[in-house]
Amino acid sequence: MSTPSRPRSRHFIPFALVTSAALLLTACGSGDSGSTGSGGTDAQAAVNNDGIPTADVLSSVKKDAAAAKLLPSGTTGLSIAVSVSGQPPGTSYLEDGKTLAGQDVDFANAVAKTLGIKLDYEAASFEAILPALDSGKYDLGIGNFGVTDERRKTIDFVTYINDGQGFATRDDSKLTKITDLKQLCGLNVATAAGTTFEATLEDNKKVCTDAGKDAYKVQTYSEQGAIWSSLQQGRSDIVMSTINGLRYAVAHQEGVKFLSEYHRLDVGFAFKKGTKLAPAFQAAVNELIADGTYDKILKKWGTTGSEIEKSEISPQEIKD
C-alpha cells in the first residue's frame, strides 16, 4: 500500500461508501455469483469497514538478485500511475483518503520488493494513463489494463493476471447469459469511460442496425459508483466491466447479479513502447509465482480464476 499524489480534478471514494445508500452492502461472500469463477470470497476474512481486504501478503517478499540484475543500470525508483476505481479488487483509497489498496497495487508493490526498487505513485484517470506513458510522464501504469493488439502499437505490457469483459444486471432483469451483442439491442449499457468495454460497445453498434433493430445506447461514467447507481436506479439496463470487478461487486451487494463472461484478456503492467524495464518485471512476476506470493495475492482478492502460469511480454490479444 502506498500514498500517491492525488489529482485535484477527481474525487475517489471507496466503493462501499459510494454505493452504500443505493446498493445495501451485505456480508462478504453472500450471493452465488461471488463464489464462482473468480475464486470466491473465502480468502477475504480480514477486511476493513469498507469491505476492502487488508491481509498482509507481502511481508515475506525478498529481493531477487537475478531479477534485479535485469533492470537498467542505476534504476532505484520508478514513477507509477494508478487508476483508482473505488471498486475492489481494483484500487481504492483506505479510510485515511490517502493510502491505496487493491490487487494491482499489491502486485506492483510485490514486484518492487522483488526488484529492490521504490515506486512513486500518482493517481490518474484511467483514460489518461496510457497516453501519459507514451509521452514519458510516468515509467509505468496500472489499472487492470487489458492487452489488446491496438494498445500494443504504442504500449508494452508485462502480464500478471487474466481478466476480461463481462456483464451484470439487476436481479429482477430478464436478461440471461450474454453471448452476442445483439442481445443488447435497444438497451442502455453502462460502462467506464476510456476502456476496452467502451471501445467494444461503440465498435459493434452496427450489429443491431444491421439486424434491423434499435441500437443499444452506451452510457459512460468516470467512476464505478456512478455506474452502479445508474443500474440500480433504472437509468441503465446492464453493466459491462471487468469480470473480477463484477463478481466482487455482486458478491457485496443485494439486488444485482453477474450474467456472464464475454471476452477474456490478459492484463499487465503498462509501459511506453520499447521499454527496457519489461524483462525485469517479467522475471519478478515469475519469481512471485514460484515463491507462492502470487497465489496469496489472488486469494486475498478472491480472483484465483484469473491465475496465469507465467508472465509474458506483450502477448498477442486473446481472440476467442
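Scoring rules and cut-offs
Residues numbered from 1 in each chain as written. Predicted model: local features only at pLDDT ≥ 70, side-chain atom pairs only at ≥ 80, totals over all residues. Heavy atoms only, no water. Helix = DSSP H or I, 4+ residues; strand = E, 2+ residues; numbered from the N terminus. Buried < 20%, exposed > 50% of the residue type's maximum accessible area, 1.4 Å probe, protein only. Contact = heavy atoms within 4.5 Å. Areas by Shrake-Rupley, 256 points an atom, 1.4 Å probe, with all protein chains shown as cover. Expected span 1.5 Å × (residues − 1). Arc of directions from axis to C-beta. Core = buried A, V, L, I, M, F, W, Y, C linked by side-chain atoms within 4.5 Å. Pairing = 2+ DSSP bridges. Salt bridge = Lys/Arg side-chain N within 4 Å of Asp/Glu carboxyl O. pLDDT = per-residue confidence, 0-100. Phe/Tyr/Trp six-rings, centres within 6.5 Å; stacked < 30°, edge-to-face > 60°. Disulfide = S-S within 2.5 Å.

A word on the overall build of the chain
Phase 1: Within the chain one finds 10 helices and 10 strands.
Phase 2: Burial analysis of the chain (320 residues in total) assigns 56% to the buried set.
Phase 3: Pairs at least 24 residues apart make up 77% of the contacts formed inside the chain by residues separated by at least 6 positions.
Phase 4: Within the structure as shown, the chain displays about 13,300 Å² of accessible surface, and the carbon and sulfur contribution to it stands at 47%.

Focus: helix H9 (residues 278-291)
Phase 1: For H9, spanning 14 residues, the distance from its first C-alpha to its last is 20 Å, which sits close to the expected 20 Å at 1.5 Å a residue.
Phase 2: Every buried residue of H9 is listed here: Ala-278, Ala-280, Phe-281, Ala-284, Val-285 and Leu-288. Burial along H9 is one-sided: seen end-on, the buried residues are contained in an arc of 165°.

What to know about the nonpolar core
Phase 1: Formed by 45 residues in total, the largest nonpolar core has its most connected members in Leu-115, Leu-119, Tyr-121, Ile-142, Phe-269 and Phe-281.
Phase 2: Tallying contributions element by element places helix H3 (residues 103-115) first for this core, with 7 residues.
Phase 3: Other than its neighbours up to four places away in sequence, Leu-115 contacts Lys-63, Ala-67, Ala-68, Leu-71, Ala-280, Phe-281 and Ala-284.
Phase 4: Of all hydrophobic cores here, the second largest spans 16 residues; its members include Ile-178, Leu-181, Leu-187 and Val-189.

Details of the pairing of strand E1 (residues 77-82)
Phase 1: With 5 of 6 residues buried, E1 lies mostly within the body of the structure.
Phase 2: In this sheet, strand E4 (residues 118-123) lies alongside E1 in parallel orientation, the contact comprising 6 bridges. By the bridge assignment, Val-82 is partnered in E4 with Ala-123.
Phase 3: The pairing of E1 with strand E5 (residues 140-142) spans 3 bridges and is parallel.

Comments concerning the pattern of salt bridges
Phase 1: This structure, assessed with the given rule, holds 11 salt bridges.
Phase 2: Between Glu-150 and Lys-153 there is a salt bridge, and its shortest N-O distance comes to 2.9 Å.
Phase 3: Owing to a relative accessible area of 57%, Lys-153 belongs among the exposed residues under this scheme.
Phase 4: Here Lys-273 makes a salt bridge to Asp-156, at a shortest N to O gap of 3.4 Å. Linking Lys-273 in the loop between strand E10 (256-272) and H9 with Asp-156 in strand E6 (residues 155-170), this pair joins segments that are 117 residues apart in sequence.
Phase 5: By relative accessible area, which is 42% here, Lys-273 ends up partly exposed.
Phase 6: Residues joined in a network through salt bridges with shared partners are Asp-149, Arg-152, Glu-317 and Lys-319.

Digging into the confidence of the model for the chain
Phase 1: Across the chain, pLDDT averages 87, with 86% of residues at or above 70.
Phase 2: Contacts of residues 5-44 to residues separated by more than four positions or lying in other chains number 91 contacts, the stretch itself having pLDDT below 50.

Quick notes on the packing of aromatic side chains
A ring pair, where both rings are aromatic, is described by two values, the distance of the centres and the angle of the planes.
Phase 1: Taken as a whole, this structure holds 7 aromatic pairs when the rule is applied.
Phase 2: Aromatic side chains Phe-107 and Tyr-160 sit 5.1 Å apart centroid to centroid with 45° between the ring planes, which places their arrangement in the tilted category. Here the residue Phe-107 occupies a position in helix H3, and Tyr-160 occupies one in strand E6, the gap between them amounting to 53 residues. Like Tyr-160, Phe-107 is buried.
Phase 3: Judged by centre distance (4.6 Å) and plane angle (40°), the rings of Tyr-160 and Phe-269 are tilted.

Notes on the environment of Gln-232
Phase 1: Summarising the element assignment, Gln-232 is placed in helix H7 (residues 224-232).
Phase 2: The class of Gln-232 is partly exposed, set by a relative accessible area of 22%.
Phase 3: Along the chain, Gln-232 and Asp-171 lie 61 residues apart, while their C-alpha atoms are 9.9 Å from each other.

Brief notes about the state of the cysteines
Phase 1: The full count for this structure, using the stated rule, is 1 disulfide.
Phase 2: Linked covalently through their sulfurs, Cys-185 and Cys-208 form a disulfide whose S-S length is 2.1 Å. The disulfide joining Cys-185 to Cys-208 has a torsion of about -95° about its S-S bond and is therefore left-handed. Placement of Cys-185 in the loop between E6 and strand E7 (188-192) and of Cys-208 in helix H6 (residues 206-210) is noted, with a sequence separation of 23 residues between them.

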